[in-house]
Amino acid sequence: MWTDEQPRTRWVDPAAFRFRRPDLRLGPARQRPDRADLVSGDRIAVRHTVRTSTAEYTLVLNAPEWLGRRGVGEALRDAVAELRAIDLTYGPNRPTSLVSRLRRGEISPESFPPLADLVDRCAAMRAATDGWFDAWAVPGGFDPSGLLGGWAVERAAARLRDAGIHDYAVLCGADLVVRGNAAHGGPWRVAVHHPTDRQRAPLLLEMTAGAVGTSGVTGRQGHVVDPRTGEPATQLVAATVVGPDLAVADAYATALYAAGPVGLAWFHPGSDYRVLFAAPR
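Thresholds applied
Residues numbered from 1 in each chain as written. Predicted model: local features only at pLDDT ≥ 70, side-chain atom pairs only at ≥ 80, totals over all residues. Heavy atoms only, no water. Helix = DSSP H or I, 4+ residues; strand = E, 2+ residues; numbered from the N terminus. Buried < 20%, exposed > 50% of the residue type's maximum accessible area, 1.4 Å probe, protein only. Contact = heavy atoms within 4.5 Å. Areas by Shrake-Rupley, 256 points an atom, 1.4 Å probe, with all protein chains shown as cover. Core = buried A, V, L, I, M, F, W, Y, C linked by side-chain atoms within 4.5 Å. Pairing = 2+ DSSP bridges. Axes fitted to C-alpha atoms, helices over the stretch in contact; angles between N-to-C directions. Parallel < 35°, antiparallel > 145°, perpendicular 65-115°, else oblique. Left-handed = near helix turned anticlockwise from the far one by under 90°. Nonpolar A, V, L, I, M, F, W, Y, C, P; charged D, E, K, R; others polar. Expected span 1.5 Å × (residues − 1). Polar contact = N/O pair within 3.5 Å; in protein donor to acceptor, adjacent residues only side chain to side chain.

Engineer: Would you take a moment to explain the overall build of the protein for this structure?
Structural biologist: A tally of helices and strands in the protein yields 5 helices and 12 strands. Classification of the 281 residues of the protein by burial places 52% in the buried group. Taking the intrachain contacts of the protein between residues at least 6 apart in sequence as the baseline, contacts between residues at least 24 apart amount to 63%. Total accessible area on the protein is roughly 13300 Å²; 50% of this is exposed by carbon and sulfur atoms.

Rendered as structure tokens:
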């Protein structure tokens, strides 16, 4: 559910962006944030990119000047450390990770509170998607990969807020989380390009809190499994969902990618999550 400030996400008439560049771009056109380490008025704007063994993350911060460069640097290091720790500690492809140990029956979810949260989220999304998101119906056993990246970004974003930074964007591939305002003082202007059709005009959003999650644009064939057959999903080439929480949006996008058009029924009027793209093959 939405938890705080209004407004959060709204669709924008493309004409409104005619003389204003988007702050961020998602999709085939790579996002291009402003130059890093700029001080504008009472704000400190910073951009930082970090790579883990499985993903590349870009953090774009619009921090209050009172925090100082040292404080901003410490907040950034803390968020990056969270991303790296999750990669090391929960990656299902690492034999020593908590997820791998859980698969082998060496530990229970209750052994580590964050692991219990991760398992609970997977169970909740299995229920919310009528079983189309099923972290237990993949080869090798429990695999939370469909929402693990979004969960990592949300936890890193929480570290930024704890440090006093409430205006930021965190991007990972075709996914993002934003909060607060961009360096120009207004909502983040986000251009979401169609995941496969480069000729189509992007959807334009203004966001002060929310997330965009996409499944199907990694280039890996068969990376999403149909939980009912065990075979690679084939109905869609990509699915994009917008909503409050990236872990949930990622899971919905993964489930929609697997289910195809039948999954559109999950996004009823008034839902906190909406489909931006569901591109058929």
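Resuming the write-up.
Engineer: Help me out: how do you make sense of the side chain of Ser 100 in this one?
Structural biologist: Residue placement: Ser 100 occurs in helix H2 (residues 98-103). Taking the relative accessible area as the measure of exposure, Ser 100 reaches 5% and is therefore buried. Setting aside residues no more than four positions away along its own chain, Ser 100 makes contact with Gly 91, Pro 92, Arg 94 and Pro 95.

Engineer: Looking at this structure, I do not really get the nonpolar core. What am I missing?
Structural biologist: Taken as a class, soluble globular proteins show a tendency for nonpolar side chains to be buried jointly. Judged by nonpolar contacts, the single largest core of 64 residues is most densely connected at Leu 59, Leu 61, Tyr 90, Leu 147 and Leu 160. Ranked by residue count, the leading element in this core is helix H5 (residues 246-259), at 12 residues.

Engineer: Just checking my understanding: could you explain the pairing of strand S9 (residues 203-207) for this structure?
Structural biologist: As a general feature of sheets, a regular strand has side chains that alternate between the two faces. Within S9, 4 of the 5 residues are buried, which leaves the element mostly enclosed by the surrounding structure. When strand S8 (residues 188-192) meets S9, the two strands line up antiparallel, connected through 5 bridges. Bridging across to S9, Val 190 finds its partner in Leu 205.

Engineer: Honestly, the packing of helix H4 (residues 145-162) against H5 in this entry has me stumped. Any pointers?
Structural biologist: The description of two packed helices rests on the angle between their axes and on the distance between the axes. At a closest axis distance of 7 Å, the pairing of H4 and H5 adopts a crossing angle of 165°. With respect to each other, H4 and H5 are oriented roughly antiparallel. Regarding H4 and H5, the two cross each other, and that crossing is right-handed. Judged by residue contacts, Gly 146, Leu 147, Gly 149, Gly 150, Trp 151, Val 153 and Glu 154 of H4 engage Leu 246, Ala 247, Asp 250, Ala 251 and Thr 254 from H5. Residue composition of the contact of H4 with H5, by class: 6 nonpolar, 4 polar and 2 charged.

Engineer: Whenever I open this one, helix H3 (residues 113-128) confuses me. Can you help?
Structural biologist: Since there are 3.6 residues in each turn of an α-helix, residues three or four apart along the chain are aligned in direction. If you check H3, its first and last C-alpha atoms are 22 Å apart, about what 16 residues at 1.5 Å a residue would give, namely 22 Å. Buried residues of H3: Leu 115, Ala 116, Leu 118, Val 119, Cys 122 and Met 125, and no others. Close packing links the buried residues of H3 with helix H1 (68-90), H2, H4 and H5. In the stretch just after H3, Asp 130 is the one whose phi turns positive, near 55°.

Engineer: Sorry if this is basic, but what is going on with H5 here?
Structural biologist: Between its terminal C-alpha atoms H5 stretches 19 Å, which fits the 20 Å expected from 14 residues at 1.5 Å a residue. Counting buried positions over the 14 residues of H5 gives 14, a clear majority of the element. At the N-terminal end of H5, a side-chain oxygen is found 2.9 Å from the backbone nitrogen of Ala 247, two or three residues along, and the residue is Asp 245. Directly after H5, the chain includes Gly 260, whose backbone phi takes a positive value near 75°.

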